[in-house]
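So you can see what is in the structure, the chains are spelled out below.
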Amino acid sequence: MSTGTGELSAPGHNPHPPNPTTRAPHRAAGGTFASLKVRNYRLFFTGAIVSNTGTWMARITQDWLVLSLTGSAAAVGVTTALQFLPMLLFGLYGGVIADRCPKRRLLVLSQAALGLCGIALAALTLSGHVQVWHVYLVAFLLGMVTVVDNPARQSFVSEMVGPAQLRNAVSLNSANFQSARLVGPAVAGLLIASVGSGWAFLVNGLSFLAPLAALLMMRPAELYPSARAPRGKGQLREGLRYVAGRPDLIWPIALVGFVGTFGFNFPIWLTAFADGVFHVGPGAYGLLNTLMAVGSLAGALLSARRGTSRLRLLVGAAAVFGVLEVVAAVTPSFWLFTLLLVPIGMFGLTVNVTANSLVQLATDPVMRGRVMSLYMMVFAGGTPLGAPLLGWVTDTYGARVGFATGGVVSLAAAVVIGLLLSRAVGVRLRVELRPGRRVRHPQVRFVPREGRRERARLAATA
């Protein structure tokens, strides 16, 4: 973790420093868990551990319940699509709301609504009256609440820790979520087998008491509140124009969109590989998901140790992610396939964390809610579009072709957007052979274009 301020890692952001007379200041500190030294963020992180575990429990239980009610895997896909569809349709409006309202107060309302959805589904299941349309409805309502909750939660991170610790906090949020991914499904399986699905839904609903308590216990004087956008017409268009005029925002968002839409369809691919390629049982399928989560957790913790977010790291991680998916798609060995899932999860998470922190640091605080809503709409909202398409490719041409297609698209997007970014910020790609202890190894880096460097020198001496 760099001892410098995080805004230096991305252009275009000029945060206002906290007023020491109104809140307790803190210095940027190094270390993987640096953000946890901030009391408000520590409360937020602790509450999120509980609710994220409950959320993963609910995801597994929801899919199992729909499959039990219908016997149809397609119905499970409909449930997932309904939960992500609101983000695709209304995500930008959620960003407008997040920019207008106090984010802490907005999160109290959204987290309470998410908890009530879980309790409602628990009541229907425990009473024995649950039908599949009930699950569809609750999934859609969860998606509608997430439209507001996501941009508010993403942009509230900077208000808790300030710009100096933003990247570290974003990385720890991802580590938090991936840790819950390791625990939640296992707990859900035990509850479903022992007492039934309804109790798993109830535990999920009650888990939101933890983030609610954390939000209410925070000290407002120690926050770094951003200016709220006044009510007015055209704020949605204003946010889109803001992003359209900023290549340092639009291209990272576009890259995350391609990777998220085409490269993150692991539920489809892992199921197909476990059943149709390697012919292993459900236990091995669980192992594949666990290794993916382990890699994602490792990627989050490594990202937390880095002091800066750089465009070259984002582009490089996306390219490696695509290459690894292609290699995994053609590998003939089950155990080699399982081992490759760890770095795939690690580099996929690095893409997400790096893009998230780059976009937040480069955005004017008054626009952050709208920009992050666009980010989440592109990243998560692409699931209803990419999943059916890649599912069709996988069913028609096989799991290997489907997985390789996602990798090729991710790699192509990284190469094309990397070149566009290099032109936009006035740099070019240089490959050099650096001497090592025994062999010369290549190093790839961006350097200023000679023409722009010369024009800048002439302008400085004029």
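Thresholds, definitions, all that
- Residues numbered from 1 in each chain as written.
- Predicted model: local features only at pLDDT ≥ 70, side-chain atom pairs only at ≥ 80, totals over all residues.
- Heavy atoms only, no water.
- UniProt positions renumbered as here; feature names shortened; annotations may be inferred.
- Helix = DSSP H or I, 4+ residues; strand = E, 2+ residues; numbered from the N terminus.
- Buried < 20%, exposed > 50% of the residue type's maximum accessible area, 1.4 Å probe, protein only.
- Contact = heavy atoms within 4.5 Å.
- Areas by Shrake-Rupley, 256 points an atom, 1.4 Å probe, with all protein chains shown as cover.
- 1 Å grid on protein atoms, 1.4 Å probe; cavity = no way out; pocket = protein on both sides within 12 Å on 5 of 7 lines; lining within 4 Å.
- Points joined across faces, edges and corners; volume = space filled by probe spheres on them.
- Nonpolar A, V, L, I, M, F, W, Y, C, P; charged D, E, K, R; others polar.
- Phe/Tyr/Trp six-rings, centres within 6.5 Å; stacked < 30°, edge-to-face > 60°.
- Axes fitted to C-alpha atoms, helices over the stretch in contact; angles between N-to-C directions.
- Parallel < 35°, antiparallel > 145°, perpendicular 65-115°, else oblique.
- Left-handed = near helix turned anticlockwise from the far one by under 90°.
- Salt bridge = Lys/Arg side-chain N within 4 Å of Asp/Glu carboxyl O.

In the annotation of an unreviewed UniProt entry, the entry for the chain reads MFS transporter, and the organism field reads Streptomyces roseolilacinus. Turning to the chain, the UniProt record has this under Subcellular location (unreviewed entry): "Cell membrane".

1. Some words on the overall build of the chain
When helices and strands are counted, the chain shows 17 helices and two strands. A burial count over the chain gives 49% of its 462 residues as buried. Of all intrachain contacts in the chain linking residues separated by at least 6 positions in sequence, the fraction that spans at least 24 positions is 82%. Total accessible area computed for the chain in this model is approximately 20,900 Å², and 67% of it derives from carbon and sulfur atoms.

2. A look at empty space enclosed by the protein
Under the counting rule described, the total for this entry stands at one cavity of 30 Å³ or more. In this structure, the largest cavity spans a volume of roughly 40 Å³. Forming the walls of the largest cavity are L92, L236, G239, L240, V243, R370 and L374. For the lining of the largest cavity, the elements supplying multiple residues, two or more each, are helix 8 (235-244) and helix 14 (368-381). Of the residues forming the lining of the largest cavity, the biggest block, four residues, is contributed by helix 8. Across the lining of the largest cavity, the residue classes break down as five nonpolar, one polar and one charged.

3. Regarding the packing of aromatic side chains
The tally for this structure, following the rule as stated, stands at 21 aromatic pairs. With a centroid separation of 5.9 Å and 35° between ring planes, the pair formed by F273 and F278 is classed as tilted. By the burial criterion, F273 is buried, and F278 matches it. Arranged with centres 6.4 Å apart and planes meeting at 25°, the rings of Y375 and F379 form a pair that is stacked. On the criterion of helical spacing, the pair formed by Y375 and F379 is a turn pair, its members being four residues apart in helix 14. Overall, Y375 belongs to the buried group, its relative accessible area being 1%. A relative accessible area of 17% means that F379 is categorised as buried.

4. Overview of the environment of G322
With respect to the element layout, G322 can be found in helix 12 (residues 311-330). Residue class for G322 comes out buried when judged on its relative accessible area of 0%. Sequence-wise, G322 and I344 are 22 residues apart; in three dimensions their C-alpha atoms are separated by 8.5 Å. Ignoring any residue separated from it by four or fewer positions in sequence, one finds G322 in contact with G407, S410 and L411.

5. A few points about the packing of helix 3 (residues 103-127) against helix 4 (residues 132-161)
Viewed as axis vectors pointing N to C, helix 3 and helix 4 meet at an angle of 155°, and their least axial separation amounts to 9 Å. Comparing the axis directions of helix 3 and helix 4 gives the class roughly antiparallel. Relative to helix 4, helix 3 is oriented so that their crossing is left-handed. Here the contact of helix 3 with helix 4 is built from residues that sort into 15 nonpolar, five polar and five charged.

6. Regarding the pattern of salt bridges
Counted according to the given criterion, the structure contains six salt bridges. Residue D99 pairs with R370 through a salt bridge whose shortest N-O separation is 2.7 Å. Remark: R370 occurs in helix 14 and D99 occurs in helix 2 (residues 73-100); sequence separation between them is 271 residues. Accessibility classification places D99 together with R370 in one group, the buried group. The salt bridge involving R246 is made with D248; its shortest N-O contact spans 2.8 Å. Sharing partners across several salt bridges, the network here consists of D99, E238 and R370.

7. Let's talk about helix 6 (residues 197-207)
Along helix 6, the residues classified as buried are S197, G198, A200, F201, N204, G205 and S207. Tucked into the core, helix 6 has its buried residues touching helix 1 (39-70), helix 3, helix 5 (166-194) and helix 7 (209-217).

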